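Each chain, written out:
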Amino acid sequence: MLRRCTRRGLLHAQRRSQASAVDVKSDDPETHPLRPYVDSKYQLWGTLHQEPKELPTTESMSQVLLKIRFFTRLLGTADEEEAARLKEVIADLKQRAKRWNFPESRYTPDDRNAEADKASLNVLLRFGLRFGSLTQMTYDWLLADFLKVYGNRALDGAVIVTLLKRSGLMDPEENMILTANQRSLVPPEWLSRTTCDSDQIPDDCAEIREEFPLRCFAIDDPSTFEVDDAISYDEATGYYSVHVADVSRYLPYQSDVRNTAQLLSTTVYFPETVLTMLPRAIIDVATLKAAPAESLMVSVRFRINDDDGTVTDQDVFVARTTNCVRITYEQLNSILPIEYADDAEGALGRPRKDVEMPDWFDADKDTAALTKIFTTARMLRRKRTERGALMIVRPEWWPKLSKPEQGDEEAEPEEKGAQQRHGWDIDVQLRANVAFDSRKLVEEFMLLAGHSVAEVCLREQIPCAFRVTPMDLSLNPDYASLPVFPSSTKRLRRPDPEADVPPVAQYEQGTNKLKDQKSAFYSSICIGHAALRTSYAHFTSPLRRYPDLLVHYHVKDWLLSRHRKATGDTTEVDEAEREVVSEILRKTLPNVCQRVSNTTNSKKKMMKNVKESWLVTDIQRKLAEDPARLFDAYVGATYDVSSSIEHNSNRGSHPQCSTIVLSDYGLLFRAYHDGEYAEGMMIKTRIPSVEPQTRLVVLELLPPAAAK
């Protein structure tokens, strides 16, 4: 027997099923499908059943015109029954529009009003893509007329997106997620800003900036243009240092660019484009530059005991260097003593040994320094595990896009058509690590840098945007013993957490761990980071995260204050100005942390949605080539739900629930069945329906025997 499951938000599906069970013309307000969405203080129910002349006076002439033109656009693709309802509603709208004496030409959709109509319907597009609910005013002037034509289906986001495509206002290949959020992602002034007058901005920390002569290793991908961190090791003193681009040097706190960066909060990475938090001109000036160019840095240094991993002598300072060098992850992996599994190969295993090293590389001196940094990072990882920090191995399926004429090379972000979905070749790549390599080296030192800065801020009472999670979480190292779903369900079988598992199983297990965690957020009060089991602040990415930039402002303010008090080298005017800025920073910090947390979380969700929409697009293209194509899937966590609310209300007589992972894409589904699918099983699935914009995928699970 085929089992059918869809990739839909449960709340969205429940609302849709509730609406479909009730007649839209029901006379009972308590059972009307719109009832859950309506504030009791605003009687929307009445507006759905009043005569046109009794409609609220809040309906504006522009709203009436918009609806007339929108429904007129839909007429061209409507069937006979739908066209009859559309004509009735259009006639009704024109009757209501008589009060404004519109000329007939205003009712006709054309190129002149298309862009304005598209912008006005943006709120409807956002609702269709499940980015939020519609306001009551929107229900009043828009959705009420939709209900007259499409009934309860007007509450379905997929239907709304389809209507917007049919109207011609949206290109069927357009990435609607970007369209719906374009104004909040890329301010117009960012596109026009092409220069940064760095010479006109004085160095606010020139008097305390140190010369740093040691080699600083900036480890990144070759395509990275935001090079904002580097690592160094001083064998003479035993100090490790993490150096971060001094972006605040080019962004005075009172500047408009800094204000806009606060609103954007973070750089957004989509498969087809990168939308930066800062203008590209400022990024190019502030980024760490390869020697012999000069780079300005805010740095943190510390000593690490080789025996027990204890971190001591943490301090922050500002510096300049002409000895910053770039090395890629692949180049670094080729020289490090990485312990690979015997069966590791390809993208998940051993690097190529014939990698060409950069010209500056000294085979003896640089290899020794990088190997020392690597072995220390491996020890830090082990110590984090011992203190109970949460470790998650979670591969990622990433849709790499390229233009056909470019072959395998990626287009530069500014060359990409951010809004268009057609014309791209999609190559779904699996990103995963099976060993402690150069990426994990960088991760460990960035985590330690964030912890060290947080400790300095706590010790010196410096205001700081800490990265925190509530500490009441249960973080048993044997995470496999903890429930993932509500306590009313019973886990049927747990695989050995130490056993080797395929990437698709690692992804499912890592996702379940993340689901059980409370989201991290920014706070002016340090309550600790539960997953890291320590204090922590974001510090190492000021080019792409606003909280890091905010920490830099506070740390530099403290460094200047400490220096000037020690030397007496200050004037009353300078001190008064510094104290004003310092007071503004302190008093606005709690509110800024809250706003940035909200913005960052919403953009993370947006990035996830865009990535999934491209993965579903690849599925759609493969089905266009072979409609009968079968896809591999992995059966993950399986639970007994026979006594749960889910069993009684939603899924009838199926007593078990399993997480299904589409093996080539990492997309998760929930399927209910009678026990024929066991955890850890590889099965075959058929996909009869997909919709990339709303990320809808319908799976049909074939019997286990079909996989053999």
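No experiment lies behind these values; they were computed from the predicted model shown.

**Concerning the overall build of the protein**
- Within the protein one finds 19 helices and 20 strands.
- When the 708 residues of the protein are sorted by exposure, 53% land in the buried category.
- Looking at the protein alone, contacts between residues at least 24 apart form 76% of all its contacts between residues at least 6 apart.
- Surface summary for the protein: the accessible area is close to 33,200 Å², and the carbon and sulfur share equals 49%.

**With respect to helix 15 (residues 438-460)**
- Taking 1.5 Å per residue as the helical rise, helix 15 with its 23 residues ought to reach 33 Å, and the 33 Å between its terminal C-alpha atoms agrees with that figure.
- Helix 15 sits mainly inside the fold: 17 of its 23 residues count as buried.

**Some points on the pattern of salt bridges**
- Counted under the stated rule, the structure contains 32 salt bridges.
- Notably, a salt bridge pairs Lys372 with Asp306, separated by 3.1 Å at the nearest N-O pair. Of this pair, Lys372 sits in helix 14 (residues 365-386) while Asp306 sits in the loop between strand 8 (295-304) and strand 9 (311-321), and the two are 66 residues apart along the sequence.
- Look at Lys372 and you get partly exposed, because its relative accessible area is 23%.
- By relative accessible area, which is 47% here, Asp306 ends up partly exposed.
- The network of salt bridges with common partners includes Asp203, Asp204, Arg209, Glu211, Asp246, Glu294, Arg320 and Lys556.

**Digging into the side chain of Thr469**
- Assignment of secondary structure puts Thr469 in the loop between strand 13 (466-468) and strand 14 (490-491).
- Of the polar contacts made by the side chain of Thr469, one reaches the backbone nitrogen of Ala530; its length is 2.7 Å.

**Looking at the environment of Arg301**
- With respect to the element layout, Arg301 can be found in strand 8.
- For the pair Arg301 and Ser232, spaced 69 residues apart in sequence, the C-alpha to C-alpha distance is 9.3 Å.
- Here Arg301 is in contact with Glu210, Tyr239, Tyr240, Ser241, Asp313, Gln314, Asp315 and Phe317, once residues within four sequence places are set aside.

**A word on the side chain of Asp548**
- Summarising the element assignment, Asp548 is placed in helix 17 (residues 546-567).
- What Asp548 contacts, discounting residues up to four positions off in sequence, is His538, Phe539, Thr540, Ser541 and Pro542.

**Remarks on the nonpolar core**
- Ranked by internal contacts, the top residues of the largest apolar core, which has 93 residues, are Leu278, Leu441, Phe445 and Tyr546.
- For this core, the element with the most residues is helix 15, which contributes 10 residues.
- Among the nonpolar cores identified, the runner-up in size contains 48 residues, and Ala83, Leu86, Tyr107 and Met607 belong to it.

**Things to note about the packing of helix 3 (residues 61-75) against helix 5 (residues 111-120)**
- Taken N-terminus to C-terminus, the directions of helix 3 and helix 5 make an angle of 105°; their axes are 11 Å apart at the nearest point. The angle between helix 3 and helix 5 falls in the class roughly perpendicular. Residues Leu66, Arg69 and Arg73 of helix 3 pack against Asn113, Ala114, Asp117 and Ser120 of helix 5.
- Class assignment for the residues of the contact of helix 3 with helix 5 results in 2 nonpolar, 2 polar and 3 charged.

**Quick word on the pairing of strand 17 (residues 656-662)**
- With 7 of 7 residues buried, strand 17 is to be regarded as a mostly interior element.
- Pairing between strand 16 (residues 630-640) and strand 17: 6 bridges, direction antiparallel. Its bridge partner being in strand 17, Thr638 is matched across the sheet by Ser658.
- Of the pairings in the sheet, the one linking strand 17 to strand 18 (residues 667-673) comprises 7 bridges and is antiparallel in character. In the sheet register, Thr659 faces strand 18, and the bridge partner there is Arg670.

**What about the confidence of the model for the protein?**
- Taken as a whole, the protein shows an average pLDDT of 76; of its residues, 73% reach a score of 70 or greater.
- Considering only residues more than four positions removed or in separate chains, one finds that residues 406-420, a stretch of pLDDT under 50, has 32 contacts.
- Note that pLDDT drops below 50 for residues 473-499; the model gives that stretch 49 contacts with residues more than four away or on any other chain.

**A few points about the environment of Thr376**
- You can see Thr376 is positioned in helix 14.
- Sequence separation between Thr376 and Gly309 is 67 residues; the distance between their C-alpha atoms is 8.1 Å.
- At 2.7 Å, the side chain of Thr376 and the side chain of Tyr240 are in polar contact.

About the cut-offs
- Residues numbered from 1 in each chain as written.
- Predicted model: local features only at pLDDT ≥ 70, side-chain atom pairs only at ≥ 80, totals over all residues.
- Heavy atoms only, no water.
- Helix = DSSP H or I, 4+ residues; strand = E, 2+ residues; numbered from the N terminus.
- Buried < 20%, exposed > 50% of the residue type's maximum accessible area, 1.4 Å probe, protein only.
- Contact = heavy atoms within 4.5 Å.
- Areas by Shrake-Rupley, 256 points an atom, 1.4 Å probe, with all protein chains shown as cover.
- Expected span 1.5 Å × (residues − 1).
- Salt bridge = Lys/Arg side-chain N within 4 Å of Asp/Glu carboxyl O.
- Polar contact = N/O pair within 3.5 Å; in protein donor to acceptor, adjacent residues only side chain to side chain.
- Core = buried A, V, L, I, M, F, W, Y, C linked by side-chain atoms within 4.5 Å.
- Axes fitted to C-alpha atoms, helices over the stretch in contact; angles between N-to-C directions.
- Parallel < 35°, antiparallel > 145°, perpendicular 65-115°, else oblique.
- Nonpolar A, V, L, I, M, F, W, Y, C, P; charged D, E, K, R; others polar.
- Pairing = 2+ DSSP bridges.
- pLDDT = per-residue confidence, 0-100.

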